[in-house]
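What follows is each chain in one-letter form.
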Amino acid sequence: MTERLPLYKSLANSLEERIYNGDWPVGSALPTEADLCKNFQASRHTLRHALQILEANGLIFRRQGAPTQIISRRKLRRFTQSFNSPIDILSYPRDTYRVNLVEEFIEIDQVQSEMIGCPIGSSWYHIGGIRKRQETEEIISWSDIYILPQFASLTTDPEHPQVMVFEQIEQKYGARIERAELDVYALAAPTRIAEHLKLKPSDPCLVIIRRYFDSQDKLFEVTVTYHPEKKYVYSMEFKASTEI
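Below is a short write-up of the structure. Quantities reported herein were computed from a predicted structural model and do not represent experimental measurements. (Residues numbered from 1 in each chain as written. Predicted model: local features only at pLDDT ≥ 70, side-chain atom pairs only at ≥ 80, totals over all residues. Heavy atoms only, no water.)

It is worth spelling out the overall build of the chain at this point. When helices and strands are tallied, the chain shows six helices and ten strands. Counting across all 244 residues of the chain, residues that qualify as buried make up 40%. Residue pairs in contact within the chain that sit at least 24 positions apart in sequence constitute 59% of those at least 6 positions apart. Accessible surface, the chain: about 14600 Å² in total, of which carbon and sulfur atoms supply 50%. (Helix = DSSP H or I, 4+ residues; strand = E, 2+ residues; numbered from the N terminus. Buried < 20%, exposed > 50% of the residue type's maximum accessible area, 1.4 Å probe, protein only. Contact = heavy atoms within 4.5 Å. Areas by Shrake-Rupley, 256 points an atom, 1.4 Å probe, with all protein chains shown as cover.)

If you want it as structure tokens, here you go:
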């Protein structure tokens, strides 16, 4: 039997076909999210994942507050990177550890919803803390970690400060990662983050957002990490893909 595609991938394929056929010409604007959700009978969450695929394939350009533009009918030539484990997406030296300064049950507000990609009012457990080097006690990052409420007790595990949270979730609760998303961008350090990282609010940070989904494509962890200038280096190697 043929394996059924996830809804967001099926929707992405349908949108790509419409673009390739010229239904939405290059240079024109894609219909609004509301219209696309109605026409394809899809949720806004599914649509946004599909649009992320189109954007990654070089077919559309998205900018907050502006219509989504069609910029190509064909996919870009892709370069790929292989990961043996989700920990390869963002790993830290084993001589570092996390100090939790915030542990709380929360309901997601509008700002958090836009950043982490989950509905306003949904319930999550928030862990906020700094990561330090063991020998020097140097602070290298701040992380806001959002996990489903049923995983909150993992913070009591003795190994919690040294282990990545998604690893704890896999080991303790059996939730397996099916896919992960990674966003990287620069940002002036927010005031509350700057205080913990010993920065000025205007100092630059590298922000890395990781979203982890299970086999049902359900989001179960989001980590937003702020790295001060020159405190963290993430190296990658890419190879040209043979896919057409």
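From this point, the narrative continues.
Right, let's get into the environment of L59. Structurally, L59 is set in the loop between helix 3 (44-56) and strand 1 (60-61). Taking the relative accessible area as the measure of exposure, L59 reaches 2% and is therefore buried. Separated by ten residues in the primary sequence, L59 and Q69 have C-alpha atoms spaced 8.6 Å apart. If near-sequence neighbours (up to four positions away) are discounted, L59 is found in contact with E16, I19, L54, Q69, I70, I71, S72, R73, R74 and K75.

The next subject is the nonpolar core. Counting 39 residues, the largest nonpolar core has W124, Y146, I147, F151, I169, V224 and Y226 as the members making the most contacts within it. Contributing elements (two or more residues each) for this core: strand 5 (123-133), strand 6 (139-147), helix 5 (165-173), helix 6 (191-197), strand 8 (204-213) and strand 9 (219-228). A per-element tally of this core places strand 6 first, with six residues. Ranked by size, the runner-up nonpolar core spans 16 residues in total, among them L47, A50, I60 and I70. (Core = buried A, V, L, I, M, F, W, Y, C linked by side-chain atoms within 4.5 Å.)

Moving on, we get to a nonpolar patch on the surface. Taken together, the side chains of L182, V184 and L206 make up a nonpolar region of the molecular surface, amounting to roughly 210 Å² of accessible area. Mapped onto the fold, L206 is located in strand 8. (Patch = residues over 30% accessible without salt bridge, like charges linked within 9 Å, V, L, I, M, F, W, Y side chains within 5 Å. Salt bridge = Lys/Arg side-chain N within 4 Å of Asp/Glu carboxyl O.)

A regular strand places its side chains so that they alternate between the two faces of the sheet. Buried residues dominate strand 5, accounting for nine of its eleven residues. Relative to strand 6, strand 5 is paired through eight bridges, and the arrangement is antiparallel. By the bridge assignment for strand 6, K132 is matched with I139. Taken together, strand 5 and the strand that follows it, strand 6, pair antiparallel across an intervening segment of five residues, in which E137 is found at a positive phi of about 65 degrees. (Pairing = 2+ DSSP bridges.)

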